[in-house]
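Understanding the architecture of this molecule
Single-letter residue listing:
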Amino acid sequence: TEDADIDGDPVVTATVKDKSGTGSVTFTAKPTYWALQQSEDAGKPSDDDEIKTKVKIEKKIIVDDTNAALFNKIGKYSGTTYIYRDSLSGTNVKADNHQAVKVNGYEVNFNDCEDRDISVDDKASVTKITGKVKKLKVASGNVSTIDVDEAPDGITVDNAKTGDISVGDGSVKCNIVISSKATVGNIKVNDDATDAKVKVESGKVGNIDAKNVEVKADDDDFVTTVGDITATTLSFDSEDSKISVGTVKAKDTGSEFTLTGDVTAKGFDYDYYDANLKFDDFQGKVPAPKNAAEDGACISTTNEDDRVEVVGDVDIDGISVEDDSTVTFDGKVNATSVDGSGTMVIKAGNLYVDGDVSGTVLKLSDPTLTKGQTVFTALNDTVNADDFDCYGFTLAKSEGSKVDTFKIDSVQFKGVTINK
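Residues numbered from 1 in each chain as written. Predicted model: local features only at pLDDT ≥ 70, side-chain atom pairs only at ≥ 80, totals over all residues. Heavy atoms only, no water.

**Some thoughts on the environment of Asn-334**
Worth spelling out the cut-off: Helix numbering and strand numbering both begin at the N terminus, where a helix is a DSSP run of H or I of at least 4 residues and a strand a DSSP run of E of at least 2.
Tracing the backbone through its elements, the reader meets Asn-334 in strand 32 (residues 333-339). Residues Asn-334 and Leu-351, 17 residues apart in the sequence, show an inter-C-alpha distance of 6.1 Å.

Structural data, given as structure tokens:
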């Protein structure tokens, strides 16, 4: 049929009969006498041939709010995936009143179903789920893509498999929970969904881009793995298990990453934000943060049991070491400030400070200490010889026009260290 929109342009619509398959439809159009009279060339084809266009019909099933009250379950029966109501049985899938509808190979679009809970189980296989729902739970089976505008009560993937998951700005409080060794593709949460959170409890997940992310592994015989993570607030807690992640990247001002337990990360990128890499009962190695020299960018221990080794050169605004904790640097460190009463371990000559130092224990990793050996340098007139609490040596300061040099003045016996 042909009609016209408000501007007078022709609008063509077609009706597909019930139970028809999908494919392509070819529309044939001829310019009307009225169109040809508008101007010499307006709407006029180059010759008198008919104008044809081919349109592909989408493989999409739309479930509106009324139907979602009944058709809110997706499952598999005898090798075929259905969206159904009540129960999935041989009687229902063959019923004339459509108690179950085949969805193999189709996108299932829930249209304005914000007050409906949708479940996928019984090893169902779904191409794509879109639209607006209240809650989506994938308990078994495989959903190739989840791309919903809203899911205020969350998305759960439990012992199942999905491809990429994306959530629009309407899901302000949506929690995406991955558990029971689930396998999931990339996860993207719209930045306007400010209170939404991605929680990984167990499984293998691709890249995550969300303001709030929590990886808290709860399976002690399984390594929970995640790809690259871009987040504002991110916490890792391996409990009795292990966590392996790609590169962690700051998403915004005030980004904060907290590591607890057995966590292995490929890298940390502050992306020139004032991010803070924090440790809370962490023992292990981490790569040195990159792009971390902005004001407020920091490395911090917060637990007396922290034993952290930072691998690579560090250029950062602040280092804060909690009492009784230890941070060891194997490369060069350029810092504006060092504070806290814990222990900072570094090789002699590898530290430069251009701000201030406040009471931190400074321990050298060199096998031997020699009087006159350079320990660190600092911007002129910013650090005093007694600002560090030196372990096993005292310092003497040599002032320069731009840089002050701190050398070992005397060596003190501090006890025996066993090198295993």
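Next comes the rest of the write-up.
**Things to note about the pairing of strand 14 (residues 175-179)**
Note the threshold: Per-residue accessibility, obtained with a 1.4 Å probe over protein chains only, is compared with the maximum for each type, and a residue is labelled buried under 20%, exposed over 50%, and partly exposed between these values. By definition, two strands form a pair when at least two bridges between them are found by DSSP.
A large share of strand 14 lies buried, amounting to 4 of its 5 residues. Of the pairings in the sheet, the one linking strand 12 (residues 155-158) to strand 14 comprises 4 bridges and is parallel in character. Bridged to Ile-155 within strand 14 is Ile-176. As defined by bridge partners, strand 14 adjoins strand 17 (residues 197-200) across 4 bridges and the pair is classed as parallel. Across the sheet, Asn-175 pairs through a bridge with Lys-197, a residue of strand 17.

**Examining the pairing of strand 9 (residues 107-120)**
Pairing analysis gives 5 bridges linking strand 5 (residues 60-64) to strand 9, with the strands arranged parallel. If you follow Ile-62 over to strand 9, its bridge partner there is Asn-109. Where strand 6 (residues 73-77) meets strand 9, 2 bridges bridge the pair, whose relative direction is parallel. Across the sheet, residue Lys-73 finds its bridge partner in strand 9, namely Ser-119. Looking at chain direction, strand 9 and strand 10 (residues 125-138) are connected through 9 bridges and run parallel. Within strand 10, the residue paired with Val-108 across the bridge is Ile-129.

**A word on the packing of aromatic side chains**
The condition that has to hold: Note on aromatic contacts: the rings of Phe and Tyr and the six-membered ring of Trp form a pair at centre separations within 6.5 Å, being stacked when their planes are under 30 degrees apart, edge-to-face when over 60 apart, and tilted otherwise. Put simply, a charge is over a ring when the Lys NZ or the Arg CZ is close to the ring centre, within 6 Å, and near the line of the ring normal, within 35 degrees.
Taken as a whole, this structure holds 5 aromatic pairs when the rule is applied. Relative to Phe-282, the ring of Phe-279 lies with its centre 5.2 Å away and its plane at 40°, an arrangement referred to as tilted. The two residues Phe-279 and Phe-282 agree in class, both being buried. Among the aromatic side chains, those forming a connected cluster through ring pairs are Phe-257, Phe-268 and Tyr-270. The ring of Tyr-106 has Lys-59 sitting right over it, with the charged end atom 5.3 Å from the ring centre. In this arrangement the basic side chain of Lys-363 is found over the ring face of Tyr-391, its NZ or CZ atom lying 4.5 Å from the centre.

**Concerning the pattern of salt bridges**
Formally: What counts as a salt bridge is simple: a side-chain nitrogen of Lys or Arg found within 4 Å of a carboxyl oxygen of Asp or Glu.
A full pass over the atoms with the stated rule returns 14 salt bridges. Residues Asp-252 and Lys-211 are paired through a salt bridge, measuring 4.0 Å at the closest nitrogen-oxygen approach. One end of the pair, Asp-252, is in the loop between strand 24 (242-250) and strand 25 (256-261); the other, Lys-211, is in the loop between strand 19 (208-209) and strand 20 (212-216), and 41 residues separate them in sequence. When the shortest N-O distance is used, the salt bridge between Glu-239 and Lys-216 registers 3.8 Å. Taken together, the residues Glu-239 in the loop between strand 23 (233-237) and strand 24 and Lys-216 in strand 20 connect sequence positions 23 residues apart. Accessibility expressed as a relative area gives 35% for Lys-216, which makes it partly exposed.

**Here we look at unusual backbone geometry**
Here Lys-181, not a glycine, exhibits a phi torsion of approximately 60°, which is positive. Its place among the elements puts Lys-181 in the loop between strand 14 and strand 15 (182-184). Phi angles above zero are rare outside glycine, and Glu-239 is one such case at about 50°.

Geometric descriptors of this kind do not, in isolation, establish any biological role.
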